[in-house]
Structures are given as C-alpha cells and as structure tokens.
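As a plain string of letters, each chain reads:
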Amino acid sequence: MVKISTLFIFFFSITAGATFAQTDTLSLNLSQAESLFLKNNFDLLASNYDIDKAKAEIITAKLFENPTLEYENLFYNHETKKFLQTSYAYGQYAGSISQLFKLAGKRNKNIKLAQTGVKLAEYEYFDLLRTLKFELVNTFYKTSFSAQSVKVYQEQIGSTDQLLKAYDLQLKMGNVAAKDVIRIKSLLINLKAEQAGLLNELEDNYKDLKLLCGISAGASISLVLDQTDYLSPDKVPYSALLDSARANRADLKLAKTDLLYNERNLKLQKAMAIPDIEIGLSYDLKGNYPEKYTGLGIKIPIPLFSRNQGEIKKAQVGIAAADVNIKKQEAILENEVFNSYKTAIRNEKLYTEIDPAFCSDFNTLISGLIKNFKARNISLIEFLDLYDAYKENTLQLNKLQFERMSTRAELNYVTGSNIFK
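Rules and cut-offs
Residues numbered from 1 in each chain as written. Predicted model: local features only at pLDDT ≥ 70, side-chain atom pairs only at ≥ 80, totals over all residues. Heavy atoms only, no water. Helix = DSSP H or I, 4+ residues; strand = E, 2+ residues; numbered from the N terminus. Rg over C-alpha atoms; globule rule 2.2 N^0.38 Å. Buried < 20%, exposed > 50% of the residue type's maximum accessible area, 1.4 Å probe, protein only. Contact = heavy atoms within 4.5 Å. Areas by Shrake-Rupley, 256 points an atom, 1.4 Å probe, with all protein chains shown as cover. Pairing = 2+ DSSP bridges. Axes fitted to C-alpha atoms, helices over the stretch in contact; angles between N-to-C directions. Phe/Tyr/Trp six-rings, centres within 6.5 Å; stacked < 30°, edge-to-face > 60°. Lys NZ or Arg CZ within 6 Å of the ring centre and 35° of its normal. Core = buried A, V, L, I, M, F, W, Y, C linked by side-chain atoms within 4.5 Å. Arc of directions from axis to C-beta.

### Looking at the overall build of the protein
Consideration 1: Counting secondary structure elements, the protein contains nine helices and eight strands.
Consideration 2: Expected size for 421 residues packed as a compact globule is a radius of gyration near 22 Å; at 38 Å, the protein overshoots this value by more than 25%.
Consideration 3: Overall, the protein is about 135 × 60 × 35 Å in size when its C-alpha atoms are taken along their principal axes.
Consideration 4: Classification of the 421 residues of the protein by burial places 38% in the buried group.
Consideration 5: Across the protein, contacts joining residues at least 24 apart in sequence account for 82% of those joining residues at least 6 apart.
Consideration 6: Here the protein displays about 24600 Å² of accessible surface, and carbon together with sulfur accounts for 56% of that area.

If you want it as structure tokens, here you go:
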C-alpha cells in the first residue's frame, strides 16, 4: 500500500491566510483612524454647523428693534385736479418716526438665553463626539480581530482542501474509505459557510469604519494594532472613574445646561409680561391743529388680559422637567460606570488567567498532531476533532481580546475620558 503520509507533505504547508493588502491599501492604526474621524465624519461636521447656527442667535438677540418710518401724502386734490401735491397752498402730507424700546431687561435676557443655547449645542456636539468615538474604537477592534479570525478560516479551508485532494487520490487507489472523503467534504463545506458569514460581518464592519472616517467605499484598508502596555482597569479605583464621569460626561452637562436654559427662559417670559414702550415724533402739514403740527407720541399696551401667563407656565414646567432629567442622567451615569467597570475587570481577569505560553504550546501540539497523523498514529476523526479545537481556540482568543479592548473603550465612553488608551 502506498503510504498516505507521502501525499500529505504539501497539505501541511499552511500559508498565511486572508490577505487584504493590495498595492493601494490604506494602512491605519487607531490614532490615524481617529484623526480621519475628527476631520471627515459627516455627523460631526453637521453638528458643528448647529453650533454656528446657535451662535447666530446671539447676533439676533443683540440687535435693537428697527425704527418705524411712516409717511402719508395727499393723493388727489379734487379742487386743483392734481395728484400728489405737497405745497402749503394746495397740498397735504404727514409723517412720523417711532422707535420701540424693550423694558425689563428683555434684550439682555434674550442674549443670555441665546448664549445658553450655544452651550447646549456645544454639549450636544461633545456628546455626539463621545458616542461616535466609542463606536469608532469598538468598530476598529471588532474589524481587526474579525480579520484575524477570517485568516484562521482561510488557513483551515486551504489545508482541508489540500487534504481532500490527497484523500480523493487515495480513494481512487483504494487506500481510504469513501466515508472519510465525505467527512472531509462536509467539514470543508461547513468551514466555507462559517467563513462566508464572518466575511459578511467583516464587510459590514469595514463599511461602518469607512463611514465613520470618511473613507471612500472602494478603498482597501489594512488595520494595524498598536503594541502598547495597557493600564489595567483594576488599577483605577471605581470612585475615580465615577468622579471622572460626573466631571466630563457631556450628556450630564447637557442636562444641567438645559436646566439653566429653562431658568433663564422663565426670567425672560416674566419680563415679557411687562409692556414695551414705543416713542414717536410726527409732523402734519395741515391736517391737524395748529397747521405745521409737530407732536411727540408714546404708545404702551395695557396688560389687562394677556400677561404672558401661558409662556411663564411652560417655562416653569420646563424647569421641573429639566430637574428630573438631571436626576435621570446621574442615575444612568452611575449604572453605566458600575456595569462597565465590573465587565472590564472580569474580562481582564479572564485574559490574564490565560497562560501566555498557551498559544505557542497549542501550536506545538498541533504540529505534533500533524506528525502523528502522518505516521498514522491517530485516526482521521481524531485529527479533524483536534484540528477543529485548534480553530475554536484561536477564534475564542480573538473574541476575548476584542471584548477586552471593547470594554476598555466602553470605560472611556462612560467616564467621558481617555483613561484607558
């Protein structure tokens, strides 16, 4: 019988799987991705315009009311049968100019309200930045480790395909059973199906990453993980993380600023209940007594029915709602920090419990497994089972590393800081 091991020499020359690198590949580490994100992200750019719009409200609030100019002229003199006469003998005209003056500090209160509106827009921007940056970091790590998992599948698919070719050849020579060939074919189909699902997910991740960074859809990306000594979550006290969140979270600042906005709006609405005054100067050629009449006028509404009661009530309700929202945001903040801290410590503990030599030992075990299979010391089923365990081990390690990095990014997100770089 021809030895099967001689036909497997080329099978076990496992190549470095999926390579996405091309001549025009864009190589990105996390800091480079963040730079592109800050420069090109469409949501951030749009939110920045909202700040500019809010600043324009300050300009409007600072403006004084325009004066009102009024002029009236005799249209047709039926005695002289002429139009638009202005002479003293045959004409008549009258004119006036008036100016509205806002009382009770309405202008300054409007300015302060508009300035608070700018703060709201800024905190909305920073909260959006915080959220999108977490999404960016999380997507970066998910994409990177998913790409590594795809390589594992490509390695196994390549080696299994070569094994299948070798067994097909041996089947024709009558050296192996047909059931063994079917088993290998089944394994190959399963591997390709799993790889296809992972590739679909990976392409979605690349799409999200390109959108976040403003990279063109057709660009090829290669992600580079920085080799850094990361600060362990258990080295930072929970109280310090909670204090950081209370000091830095833009959503909490947004809630507090919303309360300030409603308080200033209440002051403005109370001031709006006080009538404004309009002062005017007028001149009338002959339509008043005496002729060539000049007059000084004043106009002020009487707050008999409407004293802005509805808007004042709405502002008061807004203050109560904003106060409740602050308490809600504080509760959300505390729960998010606590949950993320516990999850990060658990993932870190799980990762540190893995023997650093485990991966190399497992690779050595696989090499020994291959030698034993060549020597026919183990069966095909045993070989395939252990080789599948190798795949699952590598995938689980990639998943664990992603979850470890993801929870670090989440701690930065919930604390509004960059403690865990």
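That covers the picture; the talk isn't over yet.
### Observations regarding the environment of Phe-75
Consideration 1: Considering the arrangement of structural elements, one finds Phe-75 in the loop between strand 2 (68–73) and strand 3 (76–77).
Consideration 2: For Phe-75, a relative accessible area of 57% translates into the label exposed.
Consideration 3: Separated by 17 residues in sequence, Phe-75 and Gln-92 have C-alpha atoms that sit 8.9 Å apart.
Consideration 4: Not counting the four nearest positions on each side in its chain, Phe-75 is found in contact with Lys-82, Phe-83 and Leu-84.

### Points about the sheet that holds strand 5 (residues 93–101)
Consideration 1: An order of 2-5-7-8 is seen for the four strands of this open sheet, with the pairing classed as antiparallel. Bordering the open sheet on either side are strand 2 and strand 8 (293–299), each of which pairs with just one other strand. For this sheet, the mean inter-axis angle between neighbouring strands, taken without regard to orientation, is 15°.
Consideration 2: In the sheet, strand 2 pairs with strand 5 via six bridges, with the strands oriented antiparallel. In the strand pairing of strand 5, Tyr-71 is matched with Gly-95.

### Thoughts on the environment of Gln-401
Consideration 1: As for its placement among the helices and strands, Gln-401 is situated in helix 9 (residues 380–415).
Consideration 2: Look at Gln-401 and you get partly exposed, because its relative accessible area is 26%.
Consideration 3: Along the backbone, Gln-401 and Phe-145 are 256 residues apart, and their C-alpha atoms lie at a distance of 7.8 Å.
Consideration 4: In contact with Gln-401, other than residues within four places in its own chain, are Phe-145 and Tyr-351.

### A look at the packing of aromatic side chains
Consideration 1: For the coordinates displayed, the defined rule picks out nine aromatic pairs.
Consideration 2: Between Tyr-76 and Phe-83 the ring centres are 4.7 Å apart and the planes differ by 45°, which places this aromatic pair in the tilted class.
Consideration 3: Centroid distance Tyr-93 to Tyr-283: 6.1 Å. Interplanar angle 35°. Geometry classified as tilted. Placement of Tyr-93 in strand 5 and of Tyr-283 in strand 7 (residues 277–284) is noted, with a sequence separation of 190 residues between them.
Consideration 4: Aromatic rings pair up to connect Tyr-71, Tyr-93 and Tyr-283 into one cluster.
Consideration 5: Looking at Arg-107, its charged tip hangs above the ring of Phe-64, at a distance of 4.2 Å from the centre.

### What to know about the nonpolar core
General note: in soluble globular proteins, nonpolar side chains tend to be found buried as a group.
Consideration 1: Membership of the largest hydrophobic core comes to 53 residues, with the highest contact counts inside it found for Tyr-141, Leu-163, Tyr-167 and Phe-383.
Consideration 2: Of all elements in the fold, only helix 1 (30–40), helix 2 (42–62), helix 3 (106–172), helix 4 (178–213), strand 6 (221–223), helix 8 (358–374) and helix 9 reach the threshold of two or more residues within this core.
Consideration 3: The next biggest cluster of nonpolar side chains, apart from the first, holds 13 residues, and it includes Leu-242, Ala-245, Val-337 and Tyr-413.

### Brief notes about unusual backbone geometry
Consideration 1: Following Tyr-289, the chain continues to Pro-290 via a peptide bond in cis, the omega torsion being -10°.
Consideration 2: The residue Pro-290 is located in the loop between strand 7 and strand 8 in this model.
Consideration 3: One non-glycine residue with positive phi stands out, namely Leu-84, at about 55°.
Consideration 4: Here Leu-84 shows up in the loop between strand 4 (82–83) and strand 5.
Consideration 5: With phi around 60°, Ala-104 is a residue other than glycine that occupies positive phi space.
Consideration 6: Positionally, Ala-104 belongs in the loop between strand 5 and helix 3.

### Quick look at helix 1
Consideration 1: Among the residues making up helix 1, those that are buried are Leu-30, Ala-33 and Phe-37. Seen end-on, helix 1 carries its buried residues on one side only, within an arc spanning 60°. Seen from the buried face of helix 1, the exposed residues on the opposite side, beyond 90 degrees, are Leu-38 and Lys-39.
Consideration 2: Of the surrounding elements, those touching the buried residues of helix 1 are strand 1 (26–28), helix 2, helix 3 and helix 4.

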